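Chain residues, written in single-letter form:
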Amino acid sequence: MTREEIAKQSLKPYEGLGRVIKLQDLYFDVDNYKEGTIITLKKATSFAGQNADEEFNPETSVDGETITVVFNCDDTVVAHKVDYSNAEEVETLSAVEGEDEYLVPARTHFEVSYVSNENDIRDMGYCEVDIYQLDEDEYNEDKADGANETFDI
């Protein structure tokens, strides 16, 4: 069983999901997340639920100064809730029960509804990006209207 196969199982809408990543500060550009930008996942991507009781440490192989980007999902997101009782799934995902992990399948589309400005990022110490999931019709309409698209978060 692969990560991609797991992400397509038992899909349901969940509220309150979020994702934290670290990017190299030297190459970080807040304009990549302008309001109205579409984000399309290239691969199944982990998000955390509201019941996470373990501190999540974003994985990064980046050297030097980093910037933390926090993605908050508005409304519901269709995802697979990791089944911690399934040993094969836990092993494949290297899952830790306290993380309250959800997998969002590849080719899922989100739209940015809010992004911190440079002053907020300096004051808070991280960049906050609010996103909401688009269905295929909304995605196609936004693309036809000229929306910018970025891949992966």
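This one's a predicted model, so the numbers in the text were calculated from it and none came from an experiment.

Notes on the overall build of the protein
Now for step 1: Looking only at helices and strands, the protein has 4 helices and 10 strands in total.
Now for step 2: Seen in sequence order, the protein has helices and strands lined up from the N terminus as α-β-β-β-β-β-β-α-β-β-α-β-α-β.
Now for step 3: Along the longest, intermediate and shortest principal axes, the C-alpha atoms of the protein span 45 × 40 × 25 Å.
Now for step 4: Within the protein, buried positions represent 39% of all 153 residues.
Now for step 5: Taking all contacts inside the protein whose residues are at least 6 apart in sequence as the whole, residues at least 24 apart take part in 80%.
Now for step 6: Taken as a whole, the protein presents about 8,900 Å² of accessible surface, with 41% of it coming from carbon and sulfur.
Now for step 7: Of the side-chain charges in the protein, 12 are positive and 38 negative, and the distance between the mean point of each set is 5 Å.

With respect to the pattern of salt bridges
Now for step 1: Summed over the entire model, instances satisfying the criterion amount to 2 salt bridges.
Now for step 2: A salt bridge links K81 to D100; its shortest N-O distance comes to 2.8 Å. Placement of K81 in strand 6 (residues 76–81) and of D100 in the loop between helix 2 (87–93) and strand 7 (101–104) is noted, with a sequence separation of 19 residues between them.
Now for step 3: The salt bridge partner of E149 is K143, with a shortest N-O separation of 3.2 Å.
Now for step 4: Relative accessible area serves as the criterion here: at 21%, E149 is assigned to the partly exposed category.

Notes on a negative patch on the surface
Now for step 1: Negative charge collects at one region of the surface, where D135, E136, D137, E138, E141 and D145 lie side by side.
Now for step 2: Checked against the element boundaries, E136 lands in helix 4 (residues 136–144).
Now for step 3: A relative accessible area of 44% places E136 in the partly exposed class.

Things to note about the environment of I67
Now for step 1: Structurally, the position occupied by I67 is in strand 5 (residues 66–73).
Now for step 2: Judged by relative accessible area, which is 9%, I67 ranks as buried.
Now for step 3: Taking the C-alpha atoms as reference points, I67 and I121, separated by 54 residues in sequence, lie 9.0 Å from one another.
Now for step 4: Setting aside residues no more than four positions away along its own chain, I67 makes contact with I21, K22, L23, D25, F28 and I121.

Comments concerning unusual backbone geometry
Now for step 1: A positive phi is found at D75, a non-glycine position, where the angle reads about 65 degrees.
Now for step 2: Here D75 is to be found in the loop between strand 5 and strand 6.
Now for step 3: Given a relative accessible area of 58%, D75 falls into the exposed group.
Now for step 4: A positive phi angle is found at S94, which is not glycine, with a value near 50 degrees.

Parameters at a glance
- Residues numbered from 1 in each chain as written.
- Predicted model: local features only at pLDDT ≥ 70, side-chain atom pairs only at ≥ 80, totals over all residues.
- Heavy atoms only, no water.
- Helix = DSSP H or I, 4+ residues; strand = E, 2+ residues; numbered from the N terminus.
- Buried < 20%, exposed > 50% of the residue type's maximum accessible area, 1.4 Å probe, protein only.
- Contact = heavy atoms within 4.5 Å.
- Areas by Shrake-Rupley, 256 points an atom, 1.4 Å probe, with all protein chains shown as cover.
- Lys, Arg positive; Asp, Glu negative; His and termini not counted.
- Charge placed at Lys NZ, Arg CZ, Asp CG, Glu CD.
- Salt bridge = Lys/Arg side-chain N within 4 Å of Asp/Glu carboxyl O.
- Patch = residues over 30% accessible without salt bridge, like charges linked within 9 Å, V, L, I, M, F, W, Y side chains within 5 Å.

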